[in-house]
Amino acid sequence: MDARLCTLIQVLAIFVTTLRSDSPQFVEPIANITVPVGREAVLACVVKGLETYKIAWLRVDTQTILTIHLHVITKNKRVEVKHANDGDRDGTWFLHIRDVKESDRGWYMCQINTDPMKSQTGYLQVVVPPDILDYPTSTDMSVNEGSNVTMTCAASGSPPPHITWRRETGDSIPLANGQEVSTVEGSQFNISRVNRLHMGPYLCIASNGIPPSVSKRIMLIVHFPPMIWIQNQLVGVEESQQVTLECFSEAYPKSINYWTREHGEIINHGTKYEPVLIDNAYKIHMKLTIRAVSKSDFGTYKCISKNSLGETDGTIKLYENERASTTTTIATTTKKIIHRDHPTHRNISEPKRPTPSTTSGKTRGRAPSSDVNTLSRSPENNSNSKGVADTDDAVRQKNKISTYIKDKDVSNSSSYIFGSPPLSIISFIVYCFFNVIM
């Protein structure tokens, strides 16, 4: 302390001069400056009317003399003084501090050796970009599902950094209250009852407005036993077709996944079966394609998932879909044979049996002699008087013909009674002649 006072007295002795009425003046105050660590800081002191007076730079908080006039007094090699003339002024005296450190932060004085002494001060602010400290910042973590987790991020910098947590993928972060947020503020990130949805990489980001911001990646791994779910537990397929069975599994550590038949035999890749695994983090999509399904392929299939924490399986039933049957409908029609000469064109398949009615022993009306459908004879025209017996015989023969025709029409509605049209007509005439005459 005494050495410093002695040095200060010596400096003041050098500054002692005869008082003059035209003493020097400061033109403007020293501007406060902010400089990032590692850069160069420059403080400016502008004076006029200096003449034979001297300028000195001092560090206020440590009472250290840095420069006098153009001479560097301090042993700090990073310090330098420069002078620049400026018109009617005696000029500007610059204090240069290269490769600024945090320890350089503080008040600096520009002093003129007048009596009394004149001085003014300026502040050098040294800012430091954020830096994440390895300790006590968390590293990658592995926890069991359902436990509580605390991740810590420690950072230095000036001004003190602000800490923000977010997921590296940009996904939202589920909280214990059911809400989802994109970021979490604070040096500690607490998760209550962690689950698999929390799994993944997180970024601890430190920023204080001084570039660059910095971040650290922390991987959160959640362990849990396998789980399986199946969208379709009953799958139907026809024989000789191809079918694909699907299971979805979640597990961490990663699981071993495979397919078996109902009796436990493991299904391997081949021309018949094609098992496929689609891996996405802790999620597994299991697919089993069966080509050219046969009778032996129907039954129960199991998808199985195992890891160090347990195992589980799911069941799919493959059953046969029956082929759709084709039904053919045959339309039937009724063949009509019409006597072209008769004005009424009656259907021979609908015979109208004459009903004789008598009054006082006489017959009222008579059957048309030209109607082949009746095939009867009137008593008045029959001199041999076969009478009612002949009429009944004709009706019976007519009914035989009608029944025969109907039977032929029902059995084959799309063809003629006796084959091709010419043969059918001739056969019909022969049949009628034989039965009627005989």
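Notes on the structure in this doc start here. (Residues numbered from 1 in each chain as written. Predicted model: local features only at pLDDT ≥ 70, side-chain atom pairs only at ≥ 80, totals over all residues. Heavy atoms only, no water.)

1. Regarding the environment of Lys-295
And step 1. Mapped onto the secondary structure, Lys-295 falls in the loop between strand E25 (283-290) and strand E26 (299-307).
And step 2. With a relative accessible area of 53%, Lys-295 lands in the exposed category.
And step 3. Measuring from C-alpha to C-alpha, the distance between Lys-295 and Glu-320 comes to 8.1 Å, with 25 residues separating the pair along the chain.
And step 4. What Lys-295 contacts, discounting residues up to four positions off in sequence, is Glu-239 and Glu-320.
And step 5. Within polar-contact distance, the side chain of Lys-295 engages the side chain of Glu-320 at 2.7 Å. (Helix = DSSP H or I, 4+ residues; strand = E, 2+ residues; numbered from the N terminus. Buried < 20%, exposed > 50% of the residue type's maximum accessible area, 1.4 Å probe, protein only. Contact = heavy atoms within 4.5 Å. Polar contact = N/O pair within 3.5 Å; in protein donor to acceptor, adjacent residues only side chain to side chain.)

2. Side note on unusual backbone geometry
And step 1. The omega torsion of the bond from Tyr-135 to Pro-136 falls at 10°, within 30 degrees of zero and hence cis.
And step 2. Topologically, Pro-136 is positioned in the loop between strand E10 (118-132) and strand E11 (141-144).
And step 3. We note that His-69 has phi near 60°; this positive angle belongs to a residue other than glycine.
And step 4. Among the structural elements, His-69 can be located in the loop between strand E5 (64-68) and strand E6 (71-72).
And step 5. The backbone of Ala-292 sits at a positive phi, close to 45°, despite the residue not being glycine.

3. A look at the sheet that holds strand E27 (residues 310-320)
And step 1. One open sheet holds the four strands; their spatial order is E21-E27-E26-E23, and the pairing between them is mixed. Of all strands in the sheet, those with a lone pairing partner are strand E21 (234-237) and strand E23 (256-261), marking the two edges. Ignoring strand direction, the axes of neighbouring strands in this sheet form an average angle of 25°.
And step 2. By the bridge criterion, six bridges tie E23 to E26 in an arrangement that is antiparallel. Across the sheet, residue Tyr-258 finds its bridge partner in E26, namely Ile-304. (Pairing = 2+ DSSP bridges. Axes fitted to C-alpha atoms, helices over the stretch in contact; angles between N-to-C directions.)

Everything listed here is a matter of coordinates, which is why it stays silent on function.
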